[in-house]
Amino acid sequence: MADGQAALERIDQLFAAARIAHEVIWDLHRRLVVAGRADEDARELLADVTRIATVDMPAAAAEVRRLAALWSEQDVLDPAGAVVTGRALAAEAQCAEALLADMRARQNEVAAEFRRRLADAGG
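What counts, and where the lines are drawn
- Residues numbered from 1 in each chain as written.
- Predicted model: local features only at pLDDT ≥ 70, side-chain atom pairs only at ≥ 80, totals over all residues.
- Heavy atoms only, no water.
- Phe/Tyr/Trp six-rings, centres within 6.5 Å; stacked < 30°, edge-to-face > 60°.
- Lys NZ or Arg CZ within 6 Å of the ring centre and 35° of its normal.
- Axes fitted to C-alpha atoms, helices over the stretch in contact; angles between N-to-C directions.
- Helix = DSSP H or I, 4+ residues; strand = E, 2+ residues; numbered from the N terminus.
- Parallel < 35°, antiparallel > 145°, perpendicular 65-115°, else oblique.
- Left-handed = near helix turned anticlockwise from the far one by under 90°.
- Nonpolar A, V, L, I, M, F, W, Y, C, P; charged D, E, K, R; others polar.
- Core = buried A, V, L, I, M, F, W, Y, C linked by side-chain atoms within 4.5 Å.
- Buried < 20%, exposed > 50% of the residue type's maximum accessible area, 1.4 Å probe, protein only.
- Contact = heavy atoms within 4.5 Å.
- Salt bridge = Lys/Arg side-chain N within 4 Å of Asp/Glu carboxyl O.
- Expected span 1.5 Å × (residues − 1).
- Bend = angle between axes of the 7 residues up to and from the residue.

Engineer: Report on the packing of aromatic side chains, specifying residues and quantitative values.
Structural biologist: Scanning all chains against the criterion turns up 0 aromatic pairs. When the ring centre of Phe15 is taken as origin, the NZ or CZ atom of Arg65, which lies over that ring, is 5.2 Å away.

Engineer: Please provide a residue-by-residue account of the packing of helix H2 (residues 40-77) against helix H3 (residues 79-120), values included.
Structural biologist: As a packed pair, H2 and H3 sit with axes 9 Å apart at the nearest point and diverge in direction by 165 degrees. Here H2 is positioned roughly antiparallel relative to H3, judged by the angle of their axes. In the packing of H2 onto H3, the handedness of the crossing is left-handed. Taken together, the residues of the contact of H2 with H3 sort by class into 26 nonpolar, 5 polar and 10 charged.

Engineer: Please set out the nonpolar core residue by residue, giving values where relevant.
Structural biologist: Ile11, Phe15, Met57, Val64, Leu100 and Met103 are the most contacted members of the largest nonpolar core, which totals 18 residues. Sorting the residues of this core by element identifies helix H1 (2-34), H2 and H3 as the ones contributing at least two each. Residues contacting Met103, with those up to four places away along its chain left out, are Ile52, Asp56, Met57 and Ala60. Listed in part, the 12 residues of the second largest apolar core include Leu28, Leu32, Val49 and Val110.

Engineer: Which residues make up the side chain of His22, and what values go with them?
Structural biologist: Relative to the assigned elements, His22 resides in helix H1. Its relative accessible area of 16% is what places His22 among the buried residues. Setting aside its immediate chain neighbours within four residues, His22 contacts Val49, Thr50, Ala53 and Gln107.

Engineer: Describe in detail the pattern of salt bridges, supporting the description with residues and values.
Structural biologist: Throughout the structure, instances matching the rule amount to 14 salt bridges. Put simply, Arg51 and Asp56 hold a salt bridge, and the shortest N to O gap is 3.0 Å. Relative accessible area serves as the criterion here: at 38%, Arg51 is assigned to the partly exposed category. Looking at Asp56, the relative accessible area reads 23%, which means it is partly exposed. One salt bridge in this structure joins Glu63 and Arg66, with 2.7 Å as the shortest N-O distance. Taken together, the residues span about one helical turn, with Glu63 and Arg66 both in helix H2 at a distance of 3 residues. Look at Glu63 and you get partly exposed, because its relative accessible area is 30%.

Engineer: Tell me about H2, and name the residues and values.
Structural biologist: Here H2 spans 54 Å end to end across 38 residues, near enough to the 56 Å set by a 1.5 Å rise per residue. For H2, the principal kink sits at Ile52 and spans about 45 degrees.

Engineer: Lay out H3 in plain terms, naming residues and giving numbers.
Structural biologist: With 42 residues, H3 extends 59 Å from end C-alpha to end C-alpha; this agrees with the ideal 62 Å at 1.5 Å per step. Immediately downstream of H3, the backbone of Gly122 shows phi near 85 degrees, a positive value.

By themselves, these observations are geometric and do not establish any function.
Given below as structure tokens:
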């Protein structure tokens, strides 16, 4: 389960980074509003990254979290089952981690776009 635990920790780190990124993006959007540069496209980008942080990322990690809870129970009550679940957890975590990393990359793209727009607006 060490591999699964390490993967779960990396997923938790991606979630923490996503929360921070979302706060930064929210603030960048607020600055665009103040600068009068928050058009419909900016609002759609904000909605996109909000969905990523609040819906898509939790959905992508749901099975990992379910398997982690099952493994934790089986580790005490069914050690043989825990071995099988641990393998499934490690595999699922690897897939989820890739999806979450792609979502974080999207957040970075939107943040860069908002920064560019602010620079163009002089602020």
